[in-house]
Structure formats: structure tokens, C-alpha cells
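Below, each chain spelled out in residue letters.
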Amino acid sequence: MLIGNMFQRVGIGTATLVLAGTAFGGAAHAADSASTSTAAMAATCEESRLITKPGGKVRYKECHRTYKGKRQSSVTLRVADHGYNSSPRARVVIGAWEATYSHYNPGGPDTQWSEEYKTGWHNGSDAKVTLSIVRYP
């Protein structure tokens, strides 16, 4: 059973990297948090938001900070699959960076939430989160 996956594209015209399951964050994320703590201003986070469509939903929280004079944004989210044979996909765009997070629960209509996904910090003053539903026959 596929629990969740992430599609990540950095920049325009670059290759697409597909990571499955919880292979999320990694060494690059750990290095970012250690090196940015002294140069970053405190992050401010907005209230949690919910986007709902028939077949799925996404709950997310958006945070902002200034790092080395640049405005950065980050999103933490969970995707819920609550429709039979639906695959909800949450797309996050921050500046030139974008990623799509998916959660597929083939078992039935019971709402099943994905693990928590974190985008990390990316240059851009705002994050745009959208939800789409892909139906399987």
C-alpha cells in the first residue's frame, strides 16, 4: 500500500525528483537548520488552514521569516484521503520552488491522514497551496 509520496521540482526546467514514503528532509534539511539559526530572524506562522474537496482535504500551516535579507516561506501539511479510489494531491509553490504531496488510501471512504510533510525554507514571501483530486477507476 502506498502511504504517501512527494514530487519535487526545483527551479524551472530542471529534472523531477520523486521520493516515496517518509524519505523526506534528509541531510540537506538538517544542514539548513544548523546554518540558518544564527542568521535568520524569528519565524512567524499563520493559523492552520483547511482546503476540502469531495474525495480529500489538506490541512496546512504557513510560516515566514527573513534570512540574510531575503523573505522566505515554509509550509507544514497533511493530506487526507476520504473518498473511494481518490488520490488527493496538495501542490505547494514558494517562489520558483514547487512540490506535490499525495496520499492514497485505497481501502475505502474512511478519512486517512498522511504523515506530516514539511517543505523546508524557500525564497519567496508567500506560499500557494492548492488541492486536486485524481480519481482511479
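All residue numbers here refer to positions counted from 1 along the written sequence of the relevant chain. For a predicted model such as this one, the threshold for reporting local features is a pLDDT of at least 70, and the threshold for listing and counting side-chain atom pairs is 80 or more; totals across whole chains, interfaces and linings nevertheless cover every residue. With hydrogens and water stripped out, all remaining heavy atoms of the structure feed into the side-chain values.

1. A short note on the pattern of salt bridges
Between side chains of opposite charge, pairing is possible as soon as their charged atoms come close. So the rule is basically this: One side-chain nitrogen of Lys or Arg within 4 Å of one carboxyl oxygen of Asp or Glu is enough to make a salt bridge. Under the scheme applied here, a residue whose accessible area is under 20% of the maximum for its type counts as buried, over 50% as exposed, and between as partly exposed, the area being computed with a 1.4 Å probe on protein chains only.
Within the structure shown, the criterion is met by four salt bridges. Across the salt bridge formed by lysine 118 and glutamate 116, the nearest N and O atoms sit 3.9 Å from each other. Its relative accessible area of 39% is what places glutamate 116 among the partly exposed residues.

2. Comments concerning the pairing of strand β7 (residues 86-94)
Defined as follows: Secondary structure elements follow DSSP: runs of H or I no shorter than four residues count as helices, runs of E no shorter than two count as strands, and numbering proceeds from the N terminus. Note on pairing: two strands pair once DSSP finds at least 2 bridges between them.
The element β7 is largely enclosed, with a buried count of seven among its nine residues. Looking at chain direction, β7 and strand β12 (residues 127-135) are connected through nine bridges and run antiparallel. Across the sheet, the residue bridging to isoleucine 94 is alanine 127, located in β12. Strand direction decides the pairing type here: β7 and strand β8 (residues 97-102), joined by six bridges, are antiparallel. Within β8, the residue paired with arginine 91 across the bridge is threonine 100. Connecting β7 to the next strand, β8, in antiparallel fashion are two residues, including glycine 95 with a positive phi near 60°.

3. A look at the nonpolar core
How we decide: Working definition of a nonpolar core: buried Ala, Val, Leu, Ile, Met, Phe, Trp, Tyr and Cys residues. They are joined through side-chain atoms within 4.5 Å. Any two residues whose heavy atoms approach within 4.5 Å at even a single point are treated as in contact.
Among the nonpolar cores identified, the biggest contains 15 residues, and Val58, Val75, Leu77, Val79, Val92 and Tyr101 are the most heavily contacted of them. Breaking this core down by element, the ones donating at least two residues are β5 (56-67), β6 (70-81), β7, β8 and β12. Each residue touching leucine 77, except ones within four places of it in the same chain, is listed here: Val58, Arg59, Tyr60, Ala90, Val92, Tyr101, Glu115, Glu116 and Tyr117.

4. What to know about the environment of lysine 68
This is how the line gets drawn: Two N or O atoms form a polar contact when they lie within 3.5 Å of each other; inside protein one atom must be a possible hydrogen donor and the other a possible acceptor, and for residues adjacent in sequence the pair counts only when both atoms belong to side chains.
With respect to the helices, strands and loops of the structure, lysine 68 is situated in the loop between β5 and β6. Of note is the side chain of lysine 68, whose polar atom sits 3.5 Å from the side chain of tyrosine 67.

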